[in-house]
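Chain residues, written in single-letter form:
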Amino acid sequence: MKRLRLGYLPLIDAAPLVVARELGFAAEEGLALELRAFGAWAQVRDMLGAGLVDAAHMLVPMPLGQALGLGPALPAMDLVMFLSHGGQAIAVNRALEARLRDAGHDFAFRDAGAAGRALRAVVAGRLRVGVPFPFSTQLELTSLWLSASGFAPAAVELVTLPPPMMADAMASGEVDAFCVGEPWASVAVERGVAALLLPGTAIWRAPPEKGLVLRRDFAETRPEETGALMRALWRAGRWLDAPEHRGTAAEILSRAEYLDLPPVLAERGLTGRLMIAPAGHMRAAPDFVAFHAGAASFPWKSIAALIAGRIARRHGLPETPAMLAAMRHFRTDLYRQHLRPAGAALPGASARIEGALAEDRVVPAEKGQMILRADGFFDGFSFEPPLPSRN
Amino acid sequence: MQQKLVIVVVEPDPDRARPIAEGLRAAGDHDIRIIAEQSGLARQVTELRPDVVLIDIANPSRDILEELALASGPSERPVAVFVDRSDEPLTRAAIEAGISAYVVDGLRPERIKPILDAAIARFNVFQQMRAELAATRAALEERKVIDRAKAILMSARGINEEAAYALLRKTAMDQGKRMAEIAQQLVMAAGLLGR
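Residues numbered from 1 in each chain as written. Chains lettered and ligands numbered in written order. Predicted model: local features only at pLDDT ≥ 70, side-chain atom pairs only at ≥ 80, totals over all residues. Heavy atoms only, no water.

This part covers the overall build of chain A. Check the secondary structure of chain A and you find 16 helices and 15 strands. Here the C-alpha atoms of chain A give a radius of gyration of 20 Å, agreeing with the 21 Å that 2.2 N^0.38 yields for 391 residues. Relative to all contacts within chain A whose residues are 6 or more apart in sequence, the contacts with residues 24 or more apart total 76%. Accessible area for chain A stands at about 13,400 Å²; split by element, carbon and sulfur atoms hold 52% of it. Looking at chain A, you have 41 positive and 40 negative side-chain charges, and the mean spots of the two groups are 3 Å apart. (Helix = DSSP H or I, 4+ residues; strand = E, 2+ residues; numbered from the N terminus. Rg over C-alpha atoms; globule rule 2.2 N^0.38 Å. Contact = heavy atoms within 4.5 Å. Areas by Shrake-Rupley, 256 points an atom, 1.4 Å probe, with all protein chains shown as cover. Lys, Arg positive; Asp, Glu negative; His and termini not counted. Charge placed at Lys NZ, Arg CZ, Asp CG, Glu CD.)

What follows is the structure, encoded as structure tokens:
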């Protein structure tokens, strides 16, 4: 058995790592996984950079921030597959909840346009929104949604807060709203300080959330272990996307060694049945979090370009070079090489127009056909990457 | 004369913050400030206008400093970049010692290095102590579980302590497991059976 050390943050989307270890998908590939829980995203990145873990569960935009030179001096890092889509929720404090209800908002937890307009109408001053990291899908979702809902950039302040501190920060008035991965939104509802307004998937149908990130030197010089790890996680994701397995996954994930929370909290996000307000209102959000179906794990280079372009604009860097640099860090070549033998459906191209699929669609694959998951944005936004990429 | 550097140490545990501060003072004539209270961290750090910020690598509040490091323009001069980008071995030594450093851009490497070396030495000591403490704690937990398992066996089978211990050890050897694991299983099973 080859021993691999994996870093992760305790969130429901760490499920593929935990399931790969606990249900034997890793062992089938000859791997013994040592899972190390960390407290900060910066720590995950640094431990990977220093070679103190071999691979990491990481926010999809993080390796892009590194690629653009916006992080510490560490060896090159590549994202080899997505581990999950969605899993985030946008929450508002109780005062905003009351104002939204008074103004007639239905808290349907579905329509990002309606929720955005309602919020715009009841917020007078600056809206302070907590996000988990300066390079995060949560930050991208929040800024996309708020700007499309009529919030000027100066009317929004995005504040970085570690997920376990979100509920406290909301209780103390440090933020008015936040966007965070489960179970931390549910924890805040449970504590009576927040109401959930939207799932991330209401803004972008398939927001890539976590990826498997390795150092480039590891991925390129140790292809057997890299491939074995990718296949184990890909199979764990397939197991996780069977709805009947989500309850079991919540049980395993909730154990003291992983999330260390009551299983009912992990279950909400994993089953897409969320309690959206302390008063007990329940909402169903189908596809709240996805791990596998519809080629969810394929690391489209166009997504690297889309997110890197936005990061570059925010930090005053030229956009097109940033996009091109970022695309080289999403390793569709390694994805094809290592997951083809496992039978993964592979798209013909590695970049595409993002936001073009309003519904799941059957498309030609390397072999035969495959289904791609819907990836539309609530406001019809779409994005064309700078260069078509072949590998 | 060189201007004093303002070094901020973010550390909630005073027993840990003190020796770090002493180590830093020994490394040069610097103005050392300690932030223990982590709420409003971004504001506290910005107000102190530090040249260097040191924080435990595992501290979740680090992600807040990341934002500060990115947000600061040259004119604002709070925390700007991470450990000197040109010195990768130093960065790695710091990470391995469990420390992360945020350093104002443009601070000369020869001024940063002694500070980091001193901090790394102190943090290394703490890493070791932490590992030892964790090992001691784990051993203590195991002892407790084994004692409970022994007690359960003694009352269930009417045997003495020595025989109970021997039985646990034999079972562990037969199953190729550690005694603490067998004891844990026994305690859990006994709990389920309501004993």
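Bringing helix 1 (residues 14–26) of chain B into the picture now. Residues and elements named next belong to chain B. Compared with an ideal rise of 1.5 Å per residue, which puts 13 residues at 18 Å, helix 1 spans 18 Å between its outermost C-alpha atoms and is within 8% of the ideal. Looking at helix 1, one finds that the buried residues are R16, A17, P19, I20, A21, G23 and L24. At its buried positions, helix 1 is contacted by strand 1 (6–10), strand 2 (31–35), strand 3 (52–56) and helix 5 (109–157). (Expected span 1.5 Å × (residues − 1). Buried < 20%, exposed > 50% of the residue type's maximum accessible area, 1.4 Å probe, protein only.)

Take the interface of chain A and chain B next. If you look at the interface, chain A gives 30 residues, while chain B gives 19 residues. Surface buried jointly by chain A and chain B totals about 2,000 Å² across both partners, of which 61% is contributed by carbon and sulfur atoms. Where chain A packs against chain B, one counts two salt bridges. In this structure, the connection of chain A to chain B is made through five residue pairs in polar contact (both at pLDDT 80 or more). Only helix 3 (41–49) and strand 7 (156–160) of chain A provide two or more residues apiece to the side of chain A that touches chain B. By residue class, the composition of the side of chain A that touches chain B is 19 nonpolar, seven polar and four charged. (Buried area = accessible area lost by both parts, 1.4 Å probe. Salt bridge = Lys/Arg side-chain N within 4 Å of Asp/Glu carboxyl O. Polar contact = N/O pair within 3.5 Å; in protein donor to acceptor, adjacent residues only side chain to side chain. Nonpolar A, V, L, I, M, F, W, Y, C, P; charged D, E, K, R; others polar.)

Regular strands place side chains that alternate from one sheet face to the opposite one. All names here are of chain A. Of all five residues in strand 6 (residues 127–131), four are buried, a share of seventy percent or more. Each parallel crossover has a hand, and for strand 6 linked through helix 7 (residues 137–148) to strand 7 it is right-handed. Relative to strand 8 (residues 177–181), strand 6 runs parallel, the two being bridged by two bridges. From the neighbouring strand, G130 faces strand 8, where its bridge partner is F178. (Right-handed = clockwise from strand over helix to strand, strands pointing away. Pairing = 2+ DSSP bridges.)

On to the sheet that holds strand 5 (residues 88–93) of chain A. Residue and element names in this part refer to chain A. Reading across from one edge, 7-6-8-5-9 is the order of the five strands in this open sheet, with mixed pairing throughout. Strand pairing shows two members of the sheet lacking a second neighbour, strand 7 and strand 9 (194–199), which therefore form its edges. In this sheet, adjacent strand axes meet at a mean angle of 25° when their direction is disregarded. Relative to strand 8, strand 5 is paired through five bridges, and the arrangement is antiparallel. The partner of V92 across the bridge, within strand 8, is A177. (Axes fitted to C-alpha atoms, helices over the stretch in contact; angles between N-to-C directions.)

One pass over the structure, following the stated rule, counts 45 salt bridges over all chains. The residue A:D78 makes a salt bridge to A:R216 at a minimum N-O spacing of 2.8 Å. Here A:D78 is found in strand 4 (residues 77–86), whereas its partner A:R216 is found in helix 10 (residues 216–221), with 138 residues between them in sequence. By relative accessible area, which is 0% here, A:D78 ends up buried. A:R216 sits in the partly exposed class, given a relative accessible area of 25%. Note that B:E142 is salt-bridged to B:R178, the shortest N-O span being 2.3 Å. With B:E142 in helix 5 and B:R178 in the loop between helix 6 (161–175) and helix 7 (179–192), the pair connects residues that are 36 residues apart, well separated along the chain. Taken together, the shared-partner salt bridges in this structure form one network comprising A:D78, A:R216, A:E220, A:R331 and A:D333.

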